[in-house]
Amino acid sequence: MTTQLKDEAPLGRIVVITSGKGGVGKTTSAAAISAGLAQQGYKTVVIDFDVGLRNLDMIMGCERRVVFDFINVIQGDARLKQALIKDKRLDTLFILPTSQTRDKDALTQEGVEAVLNELKEEFDYIICDSPAGIERGAQLAMYFADEAVVVTNPEVSSVRDSDRVLGLLSSKTQRAEKGDSDPVKARVLLTRHDQGRIDRGEMMTVDDVLEILAVPLLGIIPESQAVLRASNVGTPVILDEPSSAQTAYKDAVSRLLGDDIEMRIESERKPGLFQRLFGRSA
Amino acid sequence: MSLFGFSLNRRRPKTAQTARDRLQLLLAHERGQGSGTPDYLPQLQNDLIAVIRKYIDVADDEVDIRMERDDDVSSLEINIDLPSAEEKAEKPAKKR
Ligand SMILES: Nc1ncnc2c1ncn2[C@@H]1O[C@H](COP(=O)(O)OP(=O)(O)OP(=O)(O)O)[C@@H](O)[C@H]1O
Ligand SMILES: [Mg+2]
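Let us look at the structure shown here. (Residues numbered from 1 in each chain as written. Chains lettered and ligands numbered in written order. Predicted model: local features only at pLDDT ≥ 70, side-chain atom pairs only at ≥ 80, totals over all residues. Heavy atoms only, no water.)

1. Let's talk about a nonpolar patch on the surface
Residue and element names in this part refer to chain B. A cluster of nonpolar residues, V51, Y55 and I56, forms a patch on the protein surface that exposes about 320 Å² of accessible area. Residue placement: V51 occurs in helix α2 (residues 41-55). Under the relative-accessibility criterion, V51 is labelled partly exposed at 47%. (Patch = residues over 30% accessible without salt bridge, like charges linked within 9 Å, V, L, I, M, F, W, Y side chains within 5 Å. Areas by Shrake-Rupley, 256 points an atom, 1.4 Å probe, with all protein chains shown as cover. Salt bridge = Lys/Arg side-chain N within 4 Å of Asp/Glu carboxyl O. Helix = DSSP H or I, 4+ residues; strand = E, 2+ residues; numbered from the N terminus. Buried < 20%, exposed > 50% of the residue type's maximum accessible area, 1.4 Å probe, protein only.)

2. Describing the layout of surface pockets
For the second largest pocket, the calculated volume is near 770 Å³. A per-class count over the lining of the second largest pocket returns ten nonpolar, 14 polar and eleven charged. (1 Å grid on protein atoms, 1.4 Å probe; cavity = no way out; pocket = protein on both sides within 12 Å on 5 of 7 lines; lining within 4 Å. Points joined across faces, edges and corners; volume = space filled by probe spheres on them. Nonpolar A, V, L, I, M, F, W, Y, C, P; charged D, E, K, R; others polar.)

3. Quick look at the packing of helix α7 (residues 156-169) of chain A against helix α10 (residues 206-213) of chain A
Packed helix pairs are characterised by how far apart their axes lie and by the angle those axes make with each other. Residues and elements named next belong to chain A. Relative orientation of the contacting elements α7 and α10 amounts to 35°, with a least axis distance of 10 Å. Remark: the crossing between α7 and α10 carries right-handed chirality. In this structure, α7 contributes V159, S162, D163 and L166 to the contact, and α10 contributes V209, I212 and L213. When grouped by side-chain class, the residues that make up the contact of α7 with α10 number five nonpolar, one polar and one charged. (Axes fitted to C-alpha atoms, helices over the stretch in contact; angles between N-to-C directions. Left-handed = near helix turned anticlockwise from the far one by under 90°. Contact = heavy atoms within 4.5 Å.)

4. So, the nonpolar core
Residues and elements named next belong to chain A. Grouped together as the largest cluster of nonpolar side chains are 60 residues, with contacts concentrated most on F70, L96, L107, L119, I126 and L169. Residue contributions to this core peak at five residues, all from α7. For I126, the contacting residues outside a window of four places in its chain are G12, R13, I14, V15, V45, I47, L116, L119 and K120. (Core = buried A, V, L, I, M, F, W, Y, C linked by side-chain atoms within 4.5 Å.)

5. Some thoughts on the packing of helix α1 (residues 26-39) of chain A against helix α12 (residues 244-256) of chain A
Residues and elements named next belong to chain A. Between α1 and α12, whose axes approach to 9 Å, the crossing angle comes to 65°. Relative to α12, the crossing made by α1 is right-handed. In this structure, α1 contributes T28, S29, A32, I33, G36, L37 and Q39 to the contact, and α12 contributes Y249, K250, V253 and L256.

6. Things to note about the pattern of salt bridges
If the charged atoms of two oppositely charged side chains come close together, the side chains can form a pair. Here the structure, examined in full by the defined rule, presents 15 salt bridges over all chains. The structure contains a network of salt bridges with shared partners spanning R13(A), E147(A) and R187(A).

7. Thoughts on the site of ligand 1
All names here are of chain A. As a matter of local geometry, ligand 1 sits amid 15 residues, with G23, K26, T27, T28 and S224 nearest to it. Within the side chain of R192, a nitrogen or oxygen atom sits 3.0 Å from an oxygen atom of ligand 1. Contact between ligand 1 and S224: a nitrogen atom at 2.9 Å from a main-chain N or O atom of the residue. Taking 630 Å² as the accessible area of ligand 1 by itself, protein coverage stands at 75%. Among the cavities detected, the one that contains ligand 1 is the second largest pocket. Elements with a contribution of two residues or more to the shell around ligand 1: α1 and β8 (217-222). Per element, the largest residue contribution to the shell around ligand 1 is three residues, and it comes from α1. Considered class by class, the residues forming the shell around ligand 1 number five nonpolar, six polar and four charged. (Near = heavy atom within 4 Å. Polar contact = N/O pair within 3.5 Å; in protein donor to acceptor, adjacent residues only side chain to side chain. Sits in = over half its atoms within 2 Å of the grid points.)

8. Focus: the interface of chain A and chain B
With 24 residues of chain A at the contact, the number on the chain B side is 27 residues. Buried surface at the junction of chain A and chain B, summed over both partners, amounts to about 2300 Å²; 45% is from carbon and sulfur atoms. When residues of chain A are sorted by the area they lose upon contact with chain B, R64(A), V67(A) and N232(A) head the list and together hold 29% of the total. Where chain A meets chain B, there are one salt bridge. A salt bridge links R22(B) to E63(A), with the shortest nitrogen-to-oxygen separation between them at 3.0 Å. The interface formed by chain A and chain B contains five residue pairs in polar contact (both at pLDDT 80 or more). Those elements that place two or more of their residues in the side of chain A that touches chain B are α4 (80-83) and α11 (225-233) of chain A. Class assignment for the residues of the side of chain A that touches chain B results in six nonpolar, eight polar and ten charged. (Buried area = accessible area lost by both parts, 1.4 Å probe.)

9. Thoughts on unusual backbone geometry
All names here are of chain A. Phi at R192 takes a positive value of approximately 55°, unusual for a residue other than glycine. Positive phi, close to 55°, is recorded for A214, a residue that is not glycine. According to the relative accessible area criterion, A214 is exposed, its value standing at 62%.

What follows is the structure, encoded as structure tokens:
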């Protein structure tokens, strides 16, 4: 857990966490990934784009410290520096909360661009937690992205919606419209993966999903009780007690940083009676 | 609770209780205020800057307002970076 200091100019890389379908684990993943990057010494900010349904602040555990928000900054009521909340655990991590009272119309493309440009001057990674859906809010969250993490559950409607989102990433983003730049680098993060149900033939396998979506895999996050626990206490799962989900998110963060590490399927093994009686091996 | 007077779960800290407490605190504020963020804060900030400028030459971005909500008190912390001496005047004011 070393936090190395960097002197070079910030990377200024924008990563959107998106999905189409709601409730698949975007906010959980945005919190974990941003904390993981910050843990590696990258100055990171995570932005809540879900205007009107502020939740990232609770998952990050900073809900009592919100004064100004993203919308206040866009509308010129507060400066960016005032709205950024510094994480109490990692000094490289910042949160930009959204408004709980406004709606998505308060976001403008110019406003979002101005805020992102200012953040790029200072941060290595800018993580955008997208709202569900494919409407305005989701489109603005992805528009300026360099990279996309498409959060998908191994379930038909989630995979279908991810496919739709991948289509938008390759057509309705600045990189797509410019034409001369590389396309948005999109990868799938498979979450709520349940090996037991796959073994019983109840859930699609990783290969099934990847074959359909045809984009690279960033990681496989198991269904884990640690996620609820972490949200209860307001700690990103990657900073909470060791768990299968934590290991899997750490691997995903390494891959986001360009490391080539082997894909492993973590699963939450509840100790059986035998193991409980005779102690755990492995 | 368990018939045998012990439970496997008892060793674990009850995070559900933490979740409940956090939500109660947050929602009490959000409902009372209509939002988690009092709407007067941006205006308060502008007014403060105007008042301070009558006496000291400060730029907009040298005034910083933070809030921290707790069970019984919320505190509003106003930091002003004074220009010349580069010293910080800190004036925490209690709200409610
Ligand atoms: N790996 C996991 N294991 C178990 N539960 C999970 C996992 N990932 C997410 N969850 C649970 O799924 C629910 C939805 O998660 P989350 O809020 O991160 O999704 P979301 O995609 O951001 O939702 P929305 O579309 O509403 O913004 C939460 O209750 C969360 O605790
Ligand atoms: Mg969310």
